[in-house]
Each structure stands twice: as structure tokens, then as C-alpha cells.
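Here are the chains, one letter per residue:
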Amino acid sequence: MTIAKKAYKSYKPAGVETGRFPLVENCRVLEIGFGSGALMRALVKKGNDVYGTDVGREIVEKAKEDGFKNIALVDISEEPLPYEDDFFDAVYCYEVFEHLTNPHRMFHEIRRTLKAESKLYF
């Protein structure tokens with residue numbers, strides 16, 4: 001088990017919900033480290049096809065219980081994202097960087113899955 005999984009296995013987010021990012025519309029979007037799911041809910045309201053990953057098992061289970069379909073348990077510091085290359089039109093990553101043990105891996109995976117000329121909201 002990685003350090004991140006040990007530390008955040010039962011992590012309870014205390015973030016500020018949707019943050020201050022502009023919200024894209026009608027896109028295929030990934031949120032890395034979705035926490036409470038507030039940003040994902042806001043993105044769904046804008047007509048987006050929303051995907052989410054988080055390292056917290058309970059967080060992922062709660063999101064699935066709340067009706068989110070495209071949710072994955074991923075330690076982005078240690079594991080690849082379970083998506084094809086050039087899959088997303090936008091990626092959101094809010095209050096995640098400080099929790100990473102290997103930020104290079106995360107940026108590699110974002111670049112791999114984010115379409116060229118698309119937006120990363122970080």
C-alpha cells in the first residue's frame with residue numbers, strides 16, 4: 001500500500017466545494033480528487049459527461065451511491081488513469097497537488113488523457 005493510500009484511505013474532504021474555476025459546457029470532463037463531489041455536480045448541470053477519480057475508498061463509494069457512474073478509485077501518484085489517450089476535453093484538479101507523493105506521474109497521466117489544445121484547471 002502506498003503512502004497516499006495509507007494517509008487518505010479514510011480522508012474526509014474539507015475543501016471549498018466547486019472552487020473558482022470556470023465551468024466548461026457539453027464536454028467530456030475528468031475531476032481528479034473529487035472529494036465531496038460538488039464540482040462534479042456543478043459540471044453535470046452544465047451538460048458535461050463527467051468522470052471522477054479519488055484515492056479515498058469511502059469517497060468513491062459515496063459518489064457511486066449518489067448516482068455518479070464514471071467513478072474510479074485511483075492513487076494518481078502511483079497508478080495510471082483508466083482512460084484512453086486523448087479522452088478528455090477538460091481536466092479539473094483542485095486541492096490535490098499537496099497530497100501527492102509523485103506529482104510527475106499525475107501530470108504525465110493528465111497529458112496522456114487530455115486532448116491537445118484542451119484545458120487543465122489546476
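Residues numbered from 1 in each chain as written. Predicted model: local features only at pLDDT ≥ 70, side-chain atom pairs only at ≥ 80, totals over all residues. Heavy atoms only, no water.

(A) How the structure looks around the sheet that holds strand S5 (residues 114-121). Pairing is parallel in the open sheet, where five strands are placed in the order S3-S2-S1-S4-S5. Two strands bound the open sheet, and with one partner strand each, they are strand S3 (71-73) and S5. Between one strand axis and the next, the sheet turns by 20 degrees as a mean value, whatever way the strands run. One ladder, built from four bridges, connects strand S1 (residues 28-32) with strand S4 (residues 88-93); its direction is parallel. Within S4, the position partnered with Leu30 by the bridge is Val91. Where helix H2 (residues 38-45) meets the sheet, its contacts fall on S1, strand S2 (49-54), S3 and S4, and the angle it forms with S2 comes to roughly 170 degrees. This element, helix H3 (residues 57-65), spans S2 and S3 of the sheet and lies at about 160 degrees to S3. (Pairing = 2+ DSSP bridges. Helix = DSSP H or I, 4+ residues; strand = E, 2+ residues; numbered from the N terminus. Axes fitted to C-alpha atoms, helices over the stretch in contact; angles between N-to-C directions. Contact = heavy atoms within 4.5 Å.)

(B) Quick look at the side chain of Asp54. Positionally, Asp54 belongs in strand S2. At 3.2 Å, the side chain of Asp54 and the backbone nitrogen of Phe34 are in polar contact. At 3.0 Å, the side chain of Asp54 and the backbone nitrogen of Gly35 are in polar contact. (Polar contact = N/O pair within 3.5 Å; in protein donor to acceptor, adjacent residues only side chain to side chain.)

(C) Local environment of the packing of aromatic side chains. Applying the stated criterion to the full structure yields 10 aromatic pairs. Measuring from centroid to centroid gives 5.0 Å for Tyr83 and Phe88, while their planes differ by 80 degrees, and the two rings are edge-to-face. Phe88 shares its class with Tyr83; the two are buried. Summarising the aromatic geometry, the rings of Phe87 and Phe88 are spaced 5.0 Å apart at their centres and angled 90 degrees between planes, so their arrangement reads as edge-to-face. Looking at Phe87, the relative accessible area reads 14%, which means it is buried. An aromatic cluster is built from Tyr51, Tyr83, Phe87 and Phe88, whose rings are joined through pairwise contacts. In this arrangement the basic side chain of Arg28 is found over the ring face of Phe87, its NZ or CZ atom lying 3.9 Å from the centre. (Phe/Tyr/Trp six-rings, centres within 6.5 Å; stacked < 30°, edge-to-face > 60°. Buried < 20%, exposed > 50% of the residue type's maximum accessible area, 1.4 Å probe, protein only. Lys NZ or Arg CZ within 6 Å of the ring centre and 35° of its normal.)

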